[in-house]
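Structure assessment
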Amino acid sequence: MKTTSTALRAALLSASIALLSPLAAQAQNVAIVNGKAVPKARVETLMQQALRGGQQQRTPDLEQKVKEEVVLREIFMQEAEKRGLNASADFRNQMELARQTVLIRELFADFQKKNPVTDAEAQAEYDKFKAQASGTEYRARHILVEKEEDAKAAIAQLKAGAKFEDLAKKMSKDPGSAENGGDLDFAKPDAYVPEFGQAMSKLQKGQITEEPVKTQFGYHVIKLEDTREAAFPAFDEVKPQIQQRLSQMKLQSFQEELRNKAKTDFKFSQQ
């Protein structure tokens, strides 16, 4: 009697496993295409690629689209293999390039994960930029002409009461500022060519250059509208951008280190 019961239990267990096996397979796969399973892991990989750029958020609609894409890829891939396209030399070369691309991407991602930008590094970079950006900013207008005599004529008209903005719109050859009455907005002197920056920084508010200022672009008549201390954003506002920049710099150094250590007879154009 015991033998019969044991055999019966074994038979029932086998039947249960047989019934559950398709369910287990279904749990691991998103679909079956022409008898071939399409694993759910493939869906997750494609989903991560879609989310990696940060342009999208994981939503039910996106998940459905990714699943459909994965199944369609399987359908198309099976047809390509049926036609023997995977046996061509071009396919093998492209597969090797794709393999390299994925491996290199993983290498760089692994490096950045293990070498994060610290808060101290970001703060030091911020302080450096802030020191460089400090100082006085000048808001100036200018009239740019080709000939010195035209610049002197403009200065004479301004002294006679002509409005700087109107004269700039009429005479200036600078397409970037002429329509705005010669307005150059706020900038530091080193944002301009040296001759212009030096002449501008010597002016008082409301003052106009007494003589034309010659630069590589022609002759300028400059008016100083206003000055202010250079503004700089708070650390927390620019911290993400600084971290991204430093992360890229670290990665670039890592790439250069690998290139320099490699033994190769190839000569790179830039060392």
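The text that follows walks through the structure, step by step, so that each part is easy to find. (Residues numbered from 1 in each chain as written. Predicted model: local features only at pLDDT ≥ 70, side-chain atom pairs only at ≥ 80, totals over all residues. Heavy atoms only, no water.)

What follows concerns the sheet that holds strand 6 (residues 218-229). Here we have 4 strands laid out as an open sheet, ordered 4-3-6-5, and antiparallel in their pairing. Because the sheet does not close on itself, it has two edges, and the strands there are strand 4 (183-187) and strand 5 (213-215). Adjacent strand axes in the sheet meet at a mean angle of 40° when their direction is disregarded. Two elements, strand 5 and strand 6, share 3 bridges in a ladder whose sense is antiparallel. Within the sheet, the bridge partner assigned to Thr-215 lies in strand 6 and is Gly-218. The strands touched by helix 7 (residues 164-171) are strand 3 (136-145) and strand 6; relative to strand 3, the strand with the most contacts, the crossing angle is about 50°. Packed on one face of the sheet, helix 8 (residues 194-201) meets strand 3, strand 4, strand 5 and strand 6 and runs near 155° to strand 5. (Pairing = 2+ DSSP bridges. Helix = DSSP H or I, 4+ residues; strand = E, 2+ residues; numbered from the N terminus. Axes fitted to C-alpha atoms, helices over the stretch in contact; angles between N-to-C directions. Contact = heavy atoms within 4.5 Å.)

The next point concerns the side chain of Gln-78. With respect to the helices, strands and loops of the structure, Gln-78 is situated in helix 3 (residues 60-82). What makes Gln-78 buried here is its relative accessible area of 15%. Setting aside its immediate chain neighbours within four residues, Gln-78 contacts Val-33, Asn-34 and Lys-36. (Buried < 20%, exposed > 50% of the residue type's maximum accessible area, 1.4 Å probe, protein only.)

This part covers the packing of aromatic side chains. Per the counting criterion, the structure on display carries 5 aromatic pairs. Ring geometry for Tyr-192 versus Phe-196: centroids 4.9 Å apart, planes at 40°, classification tilted. Phe-196 matches Tyr-192 in its accessibility class, with the two residues each being buried. Aromatic pair Phe-266 and Phe-268: ring centres 5.1 Å apart, planes at 80°, arrangement edge-to-face. Look at Phe-266 and you get exposed, because its relative accessible area is 51%. (Phe/Tyr/Trp six-rings, centres within 6.5 Å; stacked < 30°, edge-to-face > 60°.)

A separate point is the packing of helix 5 (residues 119-133) against helix 9 (residues 235-261). With their axes 9 Å apart at the nearest point, helix 5 and helix 9 run at an angle of 105° to one another. Taken as axis vectors, helix 5 and helix 9 run roughly perpendicular relative to one another. On helix 9, the residues that touch Asp-119, Glu-121, Ala-122, Gln-123, Glu-125, Tyr-126 and Phe-129 of helix 5 are Phe-235, Val-238, Lys-239, Ile-242, Gln-243, Arg-245, Leu-246 and Lys-250. Along the lines of polarity and charge, the residues of the contact of helix 5 with helix 9 split into 7 nonpolar, 2 polar and 6 charged. (Parallel < 35°, antiparallel > 145°, perpendicular 65-115°, else oblique. Nonpolar A, V, L, I, M, F, W, Y, C, P; charged D, E, K, R; others polar.)

These figures come from the coordinates and say nothing about function on their own.
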